[in-house]
Amino acid sequence: MCHVCTSATDLSSCQATTMCTAGQVCFTEVSHMGNTSVYSMGCSDLQQCGPPVGSIMGPVIGRSVDARQAAAPYCHNCCTAPGCNLNICKSGNDTYRLFYFDFRGRGELTRMIFKYMDQPFTDIRINFQDWPAIKYTFPQYVIPVLEVDGRVNITQSMAIVRYLARKYDLYGRTEMEMAYVDQLIETSVDFFAAVQKFALIQDPQENAAKKAEFMKTDAPKYLGFLDDLVKAGGHGHFAVGNAFTVADLLLYVYVEASQAQKTPIESPLLANYTRLANNRKYVEQIPNIAAYLASRPVTPI
Ligand SMILES: N[C@@H](CCC(=O)N[C@@H](CS)C(=O)NCC(=O)O)C(=O)O
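The model shown is predicted, which means the values in this text are computed figures rather than measured ones.

Draft legend 1. Looking closely at the overall build of the chain. Of regular secondary structure, the chain possesses 10 helices and 11 strands. Long-range contacts, defined here as pairs at least 24 residues apart, represent 62% of the contacts in the chain between residues at least 6 apart. Accessible area for the chain stands at about 14400 Å²; split by element, carbon and sulfur atoms hold 54% of it.

Dropping the structure here:
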């Protein structure tokens, strides 16, 4: 299912959708006439998408930004998820710099959204030694902070995530799907707060004791809440609805932050939560994500 329109000067005229035939993908083409953007969208044979980046299973393919955006048309992108072509040319020339520490923590979900979208960004990983000198240059003296186009700073990890989810159409298709995405976000924030009760403890023995306690109490509690939400709001391997949303990446990141995917020692706790486990398997084989997971810096948290 792809959005469809021809030579529309207003994106809202491209709300109609069409079913493509087998082997076709969605495309969007944008040209500029003076200051006006002209949109065409619909189904396209894969061959017309240019050399695929990732694979047909990936979210965005044929996104050879350099080659395609340098010349007319200004943007010509293809993608495969249902209805995915409404916003694939929207990011235009936005530039992004993500400021965070050199670990996954509250910054990793933003990194993964950019990787999923094939959106270039500068991943600035601040050393702890440098932090005190620059802390008070950030709006709320904490990071992550996303700098957009060198002029706007967005603080609060989940505000950054929601901004990108809206921008890339990853927030769900209906108000109820969005409510499920929001529930998963807020539950993950609570889960992460519980993780921090052990993750920030430096003393190894105390850390291990608190972590063991977490694995028996808070971990099953929050994994159960997340699994229930996926059961109620998701279909198949998707966390919400029947298409990819930011919730799929969110679950990947925050389950990993809890370490429940690999502990307790005898068997992964996650095995008890089949919807979360299936969703995780699906996410890690998405080509852009698989490539990122194989190449990202390895950090303990
Ligand atoms: N609610 C904020 C919390 C941000 C936060 O606490 N960031 C930590 C790193 S995860 C930080 O900047 N710590 C350094 C400091 O407080 O000086 C968010 O979600 O972005």
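Draft legend 2. A look at the pattern of salt bridges. Evaluation of the coordinates by the stated rule reveals 13 salt bridges. Here the residues in one salt-bridge network are Asp102, Arg104, Glu108, Arg111, Asp123, Arg125, Glu256 and Arg296, joined through shared partners.

Draft legend 3. Fine view of the site of the ligand. Neighbouring the ligand are the residues Tyr100, Phe101, Arg106, Trp131, Lys135, Val142, Ile143, Pro144, Gln156 and Ser157. For the ligand, an oxygen atom lies 3.3 Å from a polar atom in the side chain of Arg106. Here Gln156 contributes a side-chain N or O atom positioned 2.7 Å from a nitrogen atom of the ligand. Protein contacts shield 72% of the accessible area of the ligand, which totals 510 Å² for the unbound molecule. Partitioned by chemical class, the residues of the shell around the ligand number six nonpolar, two polar and two charged.

Draft legend 4. Geometry of the packing of helix α2 (residues 108-117) against helix α10 (residues 287-295). For the pair α2 and α10, the least separation of the axes is 8 Å and the interaxial angle reads 130 degrees. Taken together, the axis directions place α2 and α10 in an arrangement best described as oblique. At the point where α2 passes α10, the crossing takes the right-handed sense. Residues Glu108, Arg111, Met112, Lys115 and Tyr116 of α2 form the contact with α10, whose own contacting residues are Asn288, Ile289, Tyr292 and Leu293. A per-class count over the contact of α2 with α10 returns five nonpolar, one polar and three charged.

Draft legend 5. Highlighting the packing of aromatic side chains. Enumeration according to the criterion identifies 19 aromatic pairs in this entry. Taken together, a centroid distance of 5.2 Å and an interplanar angle of 75 degrees make the contact between Phe101 and Trp131 edge-to-face. Residue Phe101 is located in strand β8 (residues 96-101), and its partner Trp131 is located in helix α3 (residues 131-134); the two are separated by 30 residues in the primary sequence. Like Phe101, the residue Trp131 is buried in the burial classification. Arranged with centres 3.9 Å apart and planes meeting at 5 degrees, the rings of Tyr116 and Phe244 form a pair that is stacked. With Tyr116 in helix α2 and Phe244 in the loop between α7 (218-233) and α8 (246-258), the pair connects residues that are 128 residues apart, well separated along the chain. Overall, the relative accessible area of 4% leaves Tyr116 in the buried class. Every member of this aromatic cluster is reached through a ring pair, and the members are Phe99, Tyr100, Phe101, Phe103, Phe128, Trp131 and Phe138.

Draft legend 6. Fine view of the confidence of the model for the chain. Averaged over all residues, the pLDDT of the chain equals 86, while 86% of them reach at least 70. Scored below 50 in pLDDT, residues 50-72 makes 58 contacts in the model with residues more than four places away or belonging to other chains.

Draft legend 7. Expanded view of the nonpolar core. Ile113, Leu146, Leu170, Leu184, Leu223 and Leu249 are the most contacted members of the largest nonpolar core, which totals 61 residues. The element best represented in this core is α8, accounting for 10 residues. No fewer than three residues from each of domain 2 (96-167) and domain 3 (175-295) sit in this core. The contacts of Leu170, once residues within four sequence positions are left out, are Ile113, Tyr116, Met117, Ala165, Phe244, Thr245 and Val246. Counting residues in each nonpolar core, the second largest holds nine residues, with Tyr100, Phe101, Trp131 and Val145 among its members.

Draft legend 8. How the structure looks around the sheet that holds strand β9 (residues 122-126). With respect to topology, four strands assemble into an open sheet ordered β9-β8-β10-β11, the strand pairing being mixed. Across the chains shown, the open sheet's two edge strands, defined by having one partner strand only, are β9 and β11 (152-155). For this sheet, the mean inter-axis angle between neighbouring strands, taken without regard to orientation, is 20 degrees. Here strand β10 (residues 145-148) pairs with β11 via four bridges, running antiparallel. Its bridge partner lying in β11, Val148 is registered against Val152.

What counts, and where the lines are drawn
- Residues numbered from 1 in each chain as written.
- Predicted model: local features only at pLDDT ≥ 70, side-chain atom pairs only at ≥ 80, totals over all residues.
- Heavy atoms only, no water.
- Helix = DSSP H or I, 4+ residues; strand = E, 2+ residues; numbered from the N terminus.
- Contact = heavy atoms within 4.5 Å.
- Areas by Shrake-Rupley, 256 points an atom, 1.4 Å probe, with all protein chains shown as cover.
- Salt bridge = Lys/Arg side-chain N within 4 Å of Asp/Glu carboxyl O.
- Near = heavy atom within 4 Å.
- Polar contact = N/O pair within 3.5 Å; in protein donor to acceptor, adjacent residues only side chain to side chain.
- Nonpolar A, V, L, I, M, F, W, Y, C, P; charged D, E, K, R; others polar.
- Axes fitted to C-alpha atoms, helices over the stretch in contact; angles between N-to-C directions.
- Parallel < 35°, antiparallel > 145°, perpendicular 65-115°, else oblique.
- Left-handed = near helix turned anticlockwise from the far one by under 90°.
- Phe/Tyr/Trp six-rings, centres within 6.5 Å; stacked < 30°, edge-to-face > 60°.
- Buried < 20%, exposed > 50% of the residue type's maximum accessible area, 1.4 Å probe, protein only.
- pLDDT = per-residue confidence, 0-100.
- Core = buried A, V, L, I, M, F, W, Y, C linked by side-chain atoms within 4.5 Å.
- Domains from an automatic or database assignment.
- Pairing = 2+ DSSP bridges.

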